[in-house]
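Coordinates in review
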Amino acid sequence: MEPLLSEIDHVAIAVNDLDAAVTWYEDVFGASVVHREVVDSDGVSEALIKVADSYIQLLTPTRPDSPVAKYLEKKGEGLHHVGYRVTDCEAALASLRGAGARLIDEVPRPGSRGTMVAFVHPKTAFGTLIELVQDTH
Ligand code: CO
């Protein structure tokens, strides 16, 4: 089959204090934030740090019922999900569904930076929450 994944889009890290995390990446790695966005539908605020053609996505919840708030409560800070770039999110979802993967999103939905995204449940993905990211630019 044709490979579905074209690139690692981002590695998402859940943190309690977004500004503190950004400062740490700046001070320790000389990194700089290229994009900040609040995604209301997910209840998160994110800061993106560019590394080559991929991003480190620092994530913090904006409200207590956000999935990221629940994650922090349960597991603490750390790796939250990996975003893989795909050329066609809907086609990738159909393929995954056919392969028996458990999906969180049955259809693509808007993500940050004008992308279309869909999440794959960690249950059938060996414990990793996976996000499919289609760049629509
Ligand atoms: Co993400």
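Everything below is about the structure printed above this text.
Presented here is a report on the structure given in the accompanying data block. None of the values given here were measured: they were computed from a predicted structure. (Residues numbered from 1 in each chain as written. Predicted model: local features only at pLDDT ≥ 70, side-chain atom pairs only at ≥ 80, totals over all residues. Heavy atoms only, no water.)

**Details of the nonpolar core**
Ile13, Val15, Leu18, Ala21, Val22, Tyr25, Ala31, Ala47, Ile49, Ile56 and Leu58 together form the largest nonpolar core, which totals 11 residues. For this core, the secondary-structure elements that each account for two or more residues are helix H1 (18-29), strand E3 (44-51) and strand E4 (54-61). Top element by residues in this core is H1. It accounts for four residues. Apart from the residues lying within four places of it in its own chain, the contact partners of Leu58 are Ile13, Leu18, Ala21, Val22, Tyr25, Ser45, Glu46, Ala47 and Ile49. Counting 10 residues, the second largest nonpolar core, distinct from the first, contains Leu103, Ala118, Val120 and Ala125. (Core = buried A, V, L, I, M, F, W, Y, C linked by side-chain atoms within 4.5 Å. Buried < 20%, exposed > 50% of the residue type's maximum accessible area, 1.4 Å probe, protein only. Helix = DSSP H or I, 4+ residues; strand = E, 2+ residues; numbered from the N terminus. Contact = heavy atoms within 4.5 Å.)

**Notes on the coordination of the cobalt ion**
Protein-derived ligands of the cobalt ion are His10 (NE2), Gln57 (OE1), His81 (NE2) and Glu131 (OE), with the metal-ligand distances lying across 1.9 to 2.7 Å. Its four donor atoms give the cobalt ion angles of 83 to 169° at the centre, a pattern that matches the irregular case. Expressed as a motif, the donor residue spacing for the cobalt ion is H-x46-Q-x23-H-x49-E. Here the residue His10 occupies a position in strand E1 (residues 5-14), and Glu131 occupies one in strand E8 (residues 130-134), the gap between them amounting to 121 residues. Of the two residues, His10 and Glu131, both sit in the buried class. (Donors = N, O, S within 2.8 Å, 3.2 Å for Na, K, Ca; no water. Tetrahedral: all angles 85-135°; square planar, octahedral: opposite > 155°, others 65-115°.)

**Describing the pattern of salt bridges**
The tally for this structure, following the rule as stated, stands at nine salt bridges. In this structure, Glu7 engages Arg85 in a salt bridge whose closest nitrogen and oxygen atoms are separated by 3.5 Å. Here Arg85 lies in strand E5 (residues 78-86) and Glu7 lies in strand E1, a separation of 78 residues in the sequence. Between Lys50 and Asp53 there is a salt bridge whose closest N-O contact spans 4.0 Å. Its relative accessible area of 41% is what places Lys50 among the partly exposed residues. (Salt bridge = Lys/Arg side-chain N within 4 Å of Asp/Glu carboxyl O.)

**Brief notes about the sheet that holds E1**
The strand order E2-E3-E4-E1-E5-E8-E7-E6 describes an open sheet built from eight strands, whose pairing is mixed. The two strands at the open ends of the sheet, each matched to only one other strand, are strand E2 (33-39) and strand E6 (109-110). (Pairing = 2+ DSSP bridges.)

**With respect to the packing of aromatic side chains**
Applying the stated rule across the entire model yields three aromatic pairs. Judged by centre distance (5.3 Å) and plane angle (80°), the ring pair of Trp24 and Tyr25 falls under edge-to-face. For Trp24, a relative accessible area of 46% gives the class partly exposed. On the accessibility criterion, Tyr25 (14% relative accessible area) is buried. When the centroid spacing of 5.4 Å and the interplanar angle of 40° are considered together, the rings of Tyr25 and Phe29 count as tilted. (Phe/Tyr/Trp six-rings, centres within 6.5 Å; stacked < 30°, edge-to-face > 60°.)

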